[in-house]
Amino acid sequence: MHHANHFYGHAHILAEYCGLDREHPPRINGYLQHGWNVVDGLGAGTPYVPGRPIFVYSEQTRRRAWSMGRRQATVVGAPFLYLLTMRPEPTPAEEAAREGTIWYPFHGWEGQHIAGDHERQVEEILETERGGPVTFCLYWHEFRNDAVRASYEKYGRVICHGYRGYQWRDTDIDFLDKQLVELRKHKRVASNRLSSAVFHGVAAGCEPAVYGDPMHLDKEHRPTADRIRRNWPELHGKHVDLAAARATAMSELGDGYLASPAELRAMLGWTGYYTASPAETEAVLA
């Protein structure tokens, strides 16, 4: 299993959905997309063994993968959507208690650092998000940077969902559970770049917004960043058309393509690791 399959606890969520051991998921027979992107679903620089399957979020990503020579691409939907099927819907009281905005600044990672003026970014955020408190959710890379974290702590609550993981170590398998809990506390989800977090926020019932200085990564391919704003205009702006934004977000996450537990076990190569889920056991007993 490529170690990126474990990022954010994705393999663990799919194992739970399939009725398997969440703590120790079996090896996935291929490469699982670990975040929304505008190419073939694989992370930049991912060493790829030709002929191995890749499992992507959406039909759009599958078509791009096909055009790039990844002919064994299968649409399975985003792990976050599988998580939603396993967690209780918020109650009417919980929905009514939503307030404010959760803001996800565009982030760097081990191989590329971000460049931009965080203080100036916060000024625009606070000027725009007047409907309640703002929670700043930093990626682990920026959260561990005292200077960057301090730029946000002066203005509101600052959180981090946990460490993505690397080489099968230190993965916070509850990363997406923590994200879901936070998203459901807020009315809006916003960022200065269109990202997985924004799409997850829409799926969790938040109003999305993408605005502000997009910032940039070291040696980033700028035309790709510019293309995102051109290709998904319905998700960009301080206030967007909710119906159009939701339709696009759910499509990008692969809504309508989720497999059954049995189908997913077969696709991921998990047929030899079967443990009945509570729902399946109840169905058999009935």
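Rules behind the numbers
Residues numbered from 1 in each chain as written. Predicted model: local features only at pLDDT ≥ 70, side-chain atom pairs only at ≥ 80, totals over all residues. Heavy atoms only, no water. Buried < 20%, exposed > 50% of the residue type's maximum accessible area, 1.4 Å probe, protein only. Helix = DSSP H or I, 4+ residues; strand = E, 2+ residues; numbered from the N terminus. Pairing = 2+ DSSP bridges. Arc of directions from axis to C-beta. Contact = heavy atoms within 4.5 Å. Axes fitted to C-alpha atoms, helices over the stretch in contact; angles between N-to-C directions. Core = buried A, V, L, I, M, F, W, Y, C linked by side-chain atoms within 4.5 Å. Parallel < 35°, antiparallel > 145°, perpendicular 65-115°, else oblique. Left-handed = near helix turned anticlockwise from the far one by under 90°. Nonpolar A, V, L, I, M, F, W, Y, C, P; charged D, E, K, R; others polar. 1 Å grid on protein atoms, 1.4 Å probe; cavity = no way out; pocket = protein on both sides within 12 Å on 5 of 7 lines; lining within 4 Å. Points joined across faces, edges and corners; volume = space filled by probe spheres on them. Phe/Tyr/Trp six-rings, centres within 6.5 Å; stacked < 30°, edge-to-face > 60°. Lys NZ or Arg CZ within 6 Å of the ring centre and 35° of its normal.

**Here we look at the pairing of strand E6 (residues 134-137)**
Now for step 1: Every second residue of E6 is oriented toward a common face, with Val134 and Phe136 on one face and Thr135 and Cys137 on the other, all of them buried.
Now for step 2: Relative to E6, strand E4 (residues 101-104) is paired through three bridges, and the arrangement is parallel. Pairing of Thr101 across the sheet is with Val134, part of E6.
Now for step 3: As judged from the three bridges shared by E6 and strand E7 (residues 157-159), these two strands associate in the parallel manner. Bridging from a neighbouring strand, Cys137 pairs with Ile159 of E7.

**Re helix H12 (residues 261-268)**
Now for step 1: Three or more residues of H12 are buried, namely Pro261, Leu264, Arg265 and Leu268. End-on, the buried residues of H12 take up no more than an arc of 100°, which puts them together on one face.
Now for step 2: Positive phi appears at Gly269, one or two residues downstream of H12, with a value of about 80°.

**Some details on the sheet that holds strand E3 (residues 73-75)**
Now for step 1: Taken in spatial order, the three strands of this open sheet run E1-E2-E3, and their pairing is parallel. Unpaired on one side and paired on the other, strand E1 (31-32) and E3 mark the two borders of the sheet.
Now for step 2: In this sheet, E3 lies alongside strand E2 (residues 54-56) in parallel orientation, the contact comprising three bridges. Counted as the bridge partner of Ile54 is Ala73 from E3.
Now for step 3: Against the sheet, helix H2 (residues 59-67) touches E2 and E3, its axis set at about 175° to E3.

**Brief notes about the nonpolar core**
Now for step 1: Formed by 56 residues in total, the largest nonpolar core has its most connected members in Phe80, Tyr82, Leu183, Leu194, Leu264 and Trp270.
Now for step 2: For this core, the secondary structure elements donating two or more residues are helix H1 (10-17), helix H3 (79-86), E4, helix H8 (175-183), helix H9 (196-203), helix H11 (242-252) and H12.
Now for step 3: Within the second largest apolar cluster, twelve residues are counted, among which are Phe136, Leu138, Tyr152 and Tyr211.

**Thoughts on the sheet that holds E6**
Now for step 1: The strand order across the open sheet built from five strands is E7-E6-E4-E8-E9, with neighbouring strands paired in parallel fashion. Each edge of the sheet is formed by a strand with only one pairing partner; in this case those strands are E7 and strand E9 (207-210). Each strand axis lies, on average, 25° off the axis of its neighbour in the sheet, ignoring direction.
Now for step 2: Sheet contacts for H8: E4, E7 and strand E8 (188-191); angle to E4, the most-contacted strand, approximately 140°.

**Things to note about the packing of H8 against H9**
Angle between the axes and distance between the axes: these two values describe a pair of packed helices.
Now for step 1: At a minimum axis separation of 10 Å, H8 and H9 run at an interaxial angle of 60°. Between H8 and H9, the interaxial angle falls into the category oblique. The two elements H8 and H9 cross, and the hand of that crossing is right-handed. For the pair H8 and H9, the contacting residues are Leu176, Gln179 and Leu183 in the first and Ala197, His200 and Gly201 in the second.
Now for step 2: Partitioned by chemical class, the residues of the contact of H8 with H9 number three nonpolar, three polar and no charged.

**With respect to the layout of surface pockets**
Unoccupied space between atoms shows up once a probe the size of one water molecule is rolled over them.
Now for step 1: When its volume is computed, the second largest pocket comes out at roughly 200 Å³.
Now for step 2: The biggest single contributor to the lining of the second largest pocket is H8, with three residues.
Now for step 3: Per-class residue counts for the lining of the second largest pocket are four nonpolar, no polar and six charged.

**Quick look at unusual backbone geometry**
Negative phi characterises most residues that are not glycine, and trans characterises most peptide bonds.
Now for step 1: In this structure, Tyr8 takes a positive phi of about 60° despite not being glycine.
Now for step 2: Among the secondary structure elements, Tyr8 is positioned in the segment before H1.

**Concerning empty space enclosed by the protein**
Now for step 1: Under the definition given, this model contains one cavity of 30 Å³ or more.
Now for step 2: The calculated volume of the largest cavity comes to roughly 50 Å³.
Now for step 3: Of the residues contributing to the lining of the largest cavity, the split by class is four nonpolar, seven polar and no charged.

**Structural notes on the packing of aromatic side chains**
Now for step 1: Scanning the model with the defined rule gives nine aromatic pairs in all.
Now for step 2: Pairing Phe7 with Tyr8 gives two aromatic rings, centres 6.3 Å apart and planes at 80°, and the pair type is edge-to-face.
Now for step 3: Judged by its relative accessible area of 11%, Tyr8 falls in the buried class.
Now for step 4: The interplanar angle of 50° and the centroid separation of 5.1 Å between the aromatic rings of Phe136 and Tyr152 together place this pair among those described as tilted. Placement of Phe136 in strand E6 and of Tyr152 in helix H7 (residues 146-153) is noted, with a sequence separation of 16 residues between them. Accessibility assignment for this pair places Phe136 and Tyr152 in one class, buried.
Now for step 5: Between Arg193 and the ring centre of Phe106, over which it is positioned, the NZ or CZ distance is 3.9 Å.

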